[in-house]
Amino acid sequence: MKVLDDSAVRFVGNIFLLMGLMLFSSVGLASQAKPYYIGEYEKNTDRDSIERGFVTYMQFCASCHKSEYVRHRRISADLEIPWEEYKEKWLGGAGNLPVFLSNSWTSDTAKEVFGVVPPDLSLIAAQKSPDWLYRYLHSFYADSSQPLGSNNLLAPNVKMPNVLAFMQGVIEKQSCVNGDQKGADQCITLVKTEQGVMEDHEFSAAIQDLTNFFVYLSEPSRLEAELLAPKVLLFILVFCLIAYLLKREFWKDIPK
Amino acid sequence: MFNALMNWFDQRLPILSFLRKHLSCYFVPKNLNFLYVFGIFALVMCFSQLITGIWLAMSYTPTTSEAFESIQYIMRDVNFGWLIRHMHTTGASFLFAILYVHIFKAMLYGSYQKPRELVWLFGWLLFALFSAEAFTGYLLPWGQMSYWGAQVITSLFEVIPFVGDSIAQWVRGDYTVSEITLKRFFALHVIGFPVLIGLLLFLHISSLHHVGSNNPKGVDIALKLDGKGKPLDAIPFHPYYTVKDLFYVLLMLGLFAAVVLYVPDFWGYFIESDNALPANILSTPDHIAPLWYFAPFYSILRAVTYPLFGIEARFWGAMLMYLSIFLLALLPWLDRSPVKSLRYKGKVSKFMFGLFVISFVSLGVCGVMAMNATALFIAQVSSLIYFSYFLLMPWFTKFEQCQNVPDRV
Ligand code: HEM
């Protein structure tokens, strides 16, 4: 290290200076418009995560959306929530209990209010991909040209209000090219302009949970299948081995 | 006591002699390789489809208002309904994959040649019937892709000049795919085609057992017999091939179980995501594609884009698609080579067969993709190769130089 001469030191110093300048200027830009980063959905079948997703669903989605192929009993069993507790918490205790994840909208009233019937979400993760769902739930932004004041990058002119805005904060759309109109339409980024009640990573975790819940909802048997799989495969493997030894024994007498 | 009972039976119904004739005294070449277990695989999968199909039919309702719902009922409420349904959907894809390898083997070793032409023809009919079985079965869940796939394929009949509309209506029983179509497809899927398939399986295997299996070298083992009239290069099917097949069948079932339990939709190839939406007559999906196993033939259909003699391109596409399947049936008469196995055929045969396999695979790849100019071009070139393989075969097999076939395996 001692043999480094002055010019080399200056060179390295200059590079650091340059990097510092770049960093500074990018921070300067970001304070105007910090691009809103949406991570990747990571599949997991963690029961606690699914249960947190279920709570979010019941609080913020179930009032508009039905999931009519799914029984409350099934969810209480799969998520290991005792039925009494489940009933108290989500179905208002006694009386005429609903069997399926439904609500009181009829298609006519829903159409009147929203202009469309909010889709049934039982199979949403199979219809769209889980990744799509994860991004969709991140991609609402404020848009004053829309009747509801919000829009969605993945579903332009969507007639669903941005119900999770209070968690996520205010997201706005920004063109990433200045000036040129044509390019501006093509390249759009989301920027966050106001903090919600959750930090970004907390919100993403909540959406991750919600997406896990929808993945579970579209194929509840997934949990059971993955429990069964190793047993079945092991069973077949053992028989396979026996069959292989049997085969080798018999084929010993056949000359090549 | 047991022997006496068996004898009593055998005198009235020769079960024992039947088993002897077809298992322990049925002689099979000793050099059959891995490709030869695919026939057994196909039998095992047929059986699995039959059993799971029966259980599905117990809870399925063939009406437009309830079909989709009854599938969800099976998936969510019937005990192990999800397992039964996923075995049935995965089984269909496995069966076709197995059949393609089975056909590949027969083409590779010239098993369709004399004296096995009937084995081949019955096999070909089985393929046609399975295609019909899969097509009718796919409508039953009444999802978006079920509905629109059936709509596209049945409307192919409409383009036939003069009588097209009547034929399409006759097939569907209605002006469009409707509950009438659903009900008749259900009847055909659960009773009509399976009965015919059973009959043809019997004919396929009987005709095979009458002449015996071919082998990878295409050597006729019946020409070299020992003193007792048993072929020198043959071994009894039981126990040698029963234990060998058992091992491979278990291996295949392991793979099958892994797919059924871990990735039943096989990333959209075995169960399409659009089929998770109930059929909607008012909204056509952007990209209507058949399941992967029909993709090569669907590609041929789409490759034709020119109307001819004032008739729509679709009509000619459909004709070519049917022709592409029909040509397979003619193979025993198109191949005029003196040798069976590709191993001893000439260079041209080897080259053409290689091209044929590549073209078939590329047709398949193009068929699952959304249509674009490149895919169209590849599909057109591949179709051309596909047809030239069959149409040129009588010449190149006749005039090429073949190698000598050994007289023992
Ligand atoms: C579900 C359908 C089918 C079943 C269950 C089936 C079953 C079998 C079985 C068990 C064998 C004897 C074992 C073997 O050689 O692999 C066989 C042989 C054969 N099959 Fe099939 N098969 C079916 C479809 C087909 C199709 C679609 C074709 C051709 C278009 C075909 C052509 C042949 C031929 C040529 C042989 C004789 C092979 C040889 O001796 O080299 N089969 N089949």
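Model, not experiment: these values are computed from the prediction.

What counts and what doesn't
Position numbers for residues count from 1 along each chain, tracking the sequence in the order it is written. Chain letters start at A and ligand numbers start at 1, both assigned in the order the entries are written. Totals for whole chains, interfaces and linings use every residue, but because this is a predicted model, local features are given only for residues with pLDDT of at least 70 and side-chain atom pairs only at 80 or more, for both listing and counting. Where side-chain values are given, they derive from all heavy atoms of the structure, hydrogens and water being excluded. Going along the chain from the N terminus, every DSSP run of H or I of four or more residues is numbered as a helix, and every run of E of two or more is numbered as a strand. We compute the radius of gyration from the C-alpha atoms alone; for a globule the expected value is 2.2 Å times N to the 0.38, where N is the number of residues. Relative accessibility decides the category of a residue: with a 1.4 Å probe and only protein chains considered, values under 20% of the type maximum give buried, values over 50% give exposed, and everything between is partly exposed. Contacts are assigned to residue pairs with any non-hydrogen atoms lying within 4.5 Å of each other. Here the Shrake-Rupley method, with its probe set to 1.4 Å, supplies the accessible areas, and only the displayed protein chains count as covering residues. Here the positive residues are Lys and Arg and the negative ones are Asp and Glu; neither His nor the chain ends is included. Every charge is mapped to an atom, namely NZ of Lys, CZ of Arg, CG of Asp or CD of Glu. Per-residue confidence from the predictor is given as pLDDT, running between 0 and 100. UniProt positions are given in the numbering used here, feature names are shortened, and annotations may be inferred rather than shown by experiment. Sites may look incomplete because water is not among the atoms; the donors themselves are N, O and S atoms within 2.8 Å of the metal, or within 3.2 Å for Na, K and Ca. Four donors are marked tetrahedral only if all angles between them lie between 85 and 135 degrees, whereas four are marked square planar and six octahedral if opposite donors are more than 155 degrees apart and the other angles lie between 65 and 115; the remainder are marked irregular. Only a single heavy atom is needed: when it lies within 4 Å of a molecule or strand, its residue is near that molecule or strand. N or O atoms closer than or at 3.5 Å make up a polar contact, with two conditions inside protein: a donor-capable atom paired with an acceptor-capable one, and, for residues adjacent in sequence, both atoms drawn from side chains. Under the grouping applied here, Gly and all other residues not named as nonpolar or charged are polar, the nonpolar ones being Ala, Val, Leu, Ile, Met, Phe, Trp, Tyr, Cys and Pro and the charged ones Asp, Glu, Lys and Arg. Just to be clear on terms, a salt bridge is a Lys or Arg side-chain nitrogen sitting within 4 Å of an Asp or Glu carboxyl oxygen. Take the residue count of a helix, subtract one, and multiply by 1.5 Å to get its expected span. Definition of nonpolar core: a set of buried residues of the types Ala, Val, Leu, Ile, Met, Phe, Trp, Tyr and Cys, connected through side-chain atoms within 4.5 Å. Where each domain begins and ends is defined by an automated method or by a domain database.

Counting secondary structure elements, chain B contains 15 helices and two strands. The C-alpha atoms of chain B give 23 Å as radius of gyration, which agrees with the globular expectation for 409 residues (22 Å, within 12%). Dimensions along the principal axes, computed over C-alpha positions, put chain B at roughly 75 × 65 × 40 Å. Looking at the 409 residues of chain B, the share that counts as buried comes to 52%. The long-range share in chain B, meaning contacts at least 24 apart out of those at least 6 apart in sequence, stands at 78%. Working note: accessible area of chain B is about 19,800 Å², and carbon and sulfur atoms make up 71% of it. Of note, chain B has its 27 positive side-chain charges centred 16 Å away from the centre of its 22 negative side-chain charges.

Our focus in this paragraph is the confidence of the model for chain A. Residues and elements named next belong to chain A. On average, chain A scores 84 in pLDDT, and the residues at 70 or more come to 82%. Per-element confidence in chain A is highest for helix H11 (residues 221–251), whose mean pLDDT is 96, and lowest for helix H1 (residues 6–32), whose mean pLDDT is 47. With pLDDT under 50 throughout, residues 1–5 is counted as low confidence; its partners more than four residues away or in other chains account for one contact. Counting contacts from residues 20–31, a segment whose pLDDT is below 50, to residues more than four positions away or on other chains yields zero contacts.

Residues and elements named next belong to chain A. Within this numbering scheme, the UniProt entry marks Cys 61, Cys 64 and His 65 as carrying the feature "binding site: heme c" (unreviewed entry). Relative to the helices and strands, Cys 61 is located in the loop between helix H2 (47–60) and strand E1 (67–71). We classify Cys 61 as buried; its relative accessible area is 12%. Counting through the fold element by element, His 65 comes out in the loop between H2 and E1. A relative accessible area of 10% places His 65 in the buried class. Not counting residues up to four positions away in its chain, the partners in contact with His 65 are Tyr 57, Asn 103, Pro 118, Pro 119, Leu 121 and Met 160.

A few words on the coordination of the iron atom of the ligand. All names here are of chain B. Coordination sphere of the iron atom of the ligand, protein contribution only: His 102 (NE2) and His 204 (NE2), at 2.0 to 2.1 Å. The coordination sphere of the iron atom of the ligand comprises six donor atoms, whose angles at the metal cover 83 to 179°; the geometry is octahedral. Of this pair, His 102 sits in helix H5 (residues 81–108) while His 204 sits in helix H9 (residues 179–211), placing them 102 residues apart in sequence. For the pair shown, His 102 and His 204 are each scored as buried.

Residue and element names in this part refer to chain B. Taken together, the neighbourhood of the ligand is formed by 25 residues, with Tyr 36, His 102, Lys 105, Ser 111 and His 204 sitting nearest. Contacts to the ligand include Tyr 36, whose side-chain N or O atom sits 2.8 Å from an oxygen atom. For the ligand, an oxygen atom lies 3.3 Å from a polar atom in the backbone of Gly 39. Secondary structure elements with two or more residues in the shell around the ligand: helix H3 (38–59), H5, helix H6 (117–139) and H9. Examining the composition of the shell around the ligand, we find that seven residues originate from one element, H6, more than from any other. Tallied by class, the residues present in the shell around the ligand amount to 17 nonpolar, seven polar and one charged.

Here we take up the pattern of salt bridges. Residue and element names in this part refer to chain A. Per the stated rule, a full pass over the model turns up 14 salt bridges over all chains. With a closest N to O distance of 3.0 Å, Glu 226 and Arg 222 form a salt bridge. Placement of both Glu 226 and Arg 222 in helix H11 is noted, with a separation of four residues, approximately one turn of the helix. You can call Glu 226 partly exposed: its relative accessible area is 28%. By relative accessible area, Arg 222 is classed as buried at 9%. In this structure, Lys 252 engages Glu 249 in a salt bridge whose closest nitrogen and oxygen atoms are separated by 3.3 Å.

A separate point is helix H12 (residues 313–329) of chain B. All names here are of chain B. For H12, built from 17 residues, the straight-helix expectation of 24 Å at 1.5 Å per residue is met to within 8% by its first-to-last C-alpha distance of 25 Å. Burial in H12 covers these residues: Ala 313, Phe 315, Gly 317, Ala 318, Met 321, Ser 324, Ile 325, Leu 327, Leu 328 and Ala 329. On its buried face, H12 is in contact with H5, H6, helix H11 (295–303), helix H13 (331–334) and helix H15 (373–399).

Let us now look at the nonpolar core. Of all hydrophobic cores here, the largest spans 112 residues; its most connected members are Met 107, Tyr 386, Tyr 389 and Phe 390 of chain B. In terms of residue count, H5 of chain B provides more of this core than any other element does, 14 residues in total. Split by domain, the residues of this core number at least three in each of domain 1 (22–268 + 275–280) and domain 2 (289–409) of chain B. Excluding its chain neighbours within four sequence positions, the residues that come into contact with Met 107 of chain B are Tyr 112, Trp 120, Leu 328, Leu 331, Phe 353, Phe 356 and Tyr 389 of chain B. Residues Ile 81, Leu 190, Leu 210 and Tyr 216 of chain A belong to the second largest nonpolar core, which totals 41 residues.

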